[in-house]
Amino acid sequence: MDIQPDDRFEFRRGKGSVLIIACGALAREIVTVIELNRLERLDVVCLPAIWHNTPELIPQAVREKIRTAKAKYARILVAYGDCGTGGLLDRVLDEEGVERIEGPHCYSFFAGNEAFARTAEDEDLTAFFLTDYLARHFDKLIWEHYQLDRPGMREMMFGNYTKVVYLAQTKDPALERLAETAAQKLGLAYELRVTGFGDLRRFLESAAR
């Protein structure tokens, strides 16, 4: 399954009783957890992952998905962090009476929110994080989008970072090479942490109960 950065992705639509509205950057991981654990109650619909570059689009799009789905599902949950919406997504969810996964962003809930919080205030202050998805699509979503090959752009955007931390959901040597190459292109040190699915797995398992 090749999930591209701008896919609008739906999985087993209409067969489950619980709907997960998620970021497209999580689609592969969510489907993997569902299939491995046979979480048959769950349906998934994803918004385009590339909207992280335009986060103002996310809250209203999530609201529309919720309102379209309310009559069809016993329960709706959202697999998004704040993701740059400045609290607007949480406001929408409060208004619609829908809960989301805990954590400010996917780096946190992949690492485990408690574990991420312990490191975020000290050694990770100057870290740029990659997930499997971002390692796979680094060139398109980061390097090309921000035109980092232009003189001075890399230094302007990444001059205060000291390392790339790859939070790996899977142990995949090909993705590890991509992540390490990304660090080299940014001129940063490289660190690998194999996290698995972290709190995302627990969130999905709880939703399916």
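Summarised in this report is the structure supplied together with it.

Basis of the calculations
- Residues numbered from 1 in each chain as written.
- Predicted model: local features only at pLDDT ≥ 70, side-chain atom pairs only at ≥ 80, totals over all residues.
- Heavy atoms only, no water.
- Buried < 20%, exposed > 50% of the residue type's maximum accessible area, 1.4 Å probe, protein only.
- Helix = DSSP H or I, 4+ residues; strand = E, 2+ residues; numbered from the N terminus.
- Pairing = 2+ DSSP bridges.
- Axes fitted to C-alpha atoms, helices over the stretch in contact; angles between N-to-C directions.
- Contact = heavy atoms within 4.5 Å.

Examining unusual backbone geometry
Generally, phi is negative for residues other than glycine and the peptide bonds are trans, each holding for most cases. The backbone of Arg38 shows a phi angle near 50 degrees, a positive value even though the residue is not glycine. Judged by its relative accessible area of 70%, Arg38 is exposed. Even without being glycine, Gln147 reaches a positive phi, approximately 50 degrees. One can find Gln147 in the loop between α7 (138-144) and α8 (153-158).

Observations concerning the sheet that holds strand β6 (residues 127-130)
Spatially, 3 strands are ordered β6-β7-β8 in an open sheet, and the strand pairing comes out parallel. A strand with exactly one partner marks an edge of an open sheet, and here the two such strands are β6 and β8 (189-194). Neighbour-to-neighbour, the strand axes of the sheet open up by a mean angle of 25 degrees, direction not taken into account. Across 6 bridges, the pairing between strand β7 (residues 163-168) and β8 is parallel. Note on β8: the bridge partner recorded for Leu167 is Arg193. Across the sheet, helix α9 (residues 173-186) is in contact with β6, β7 and β8; its angle to β8 comes to roughly 150 degrees.

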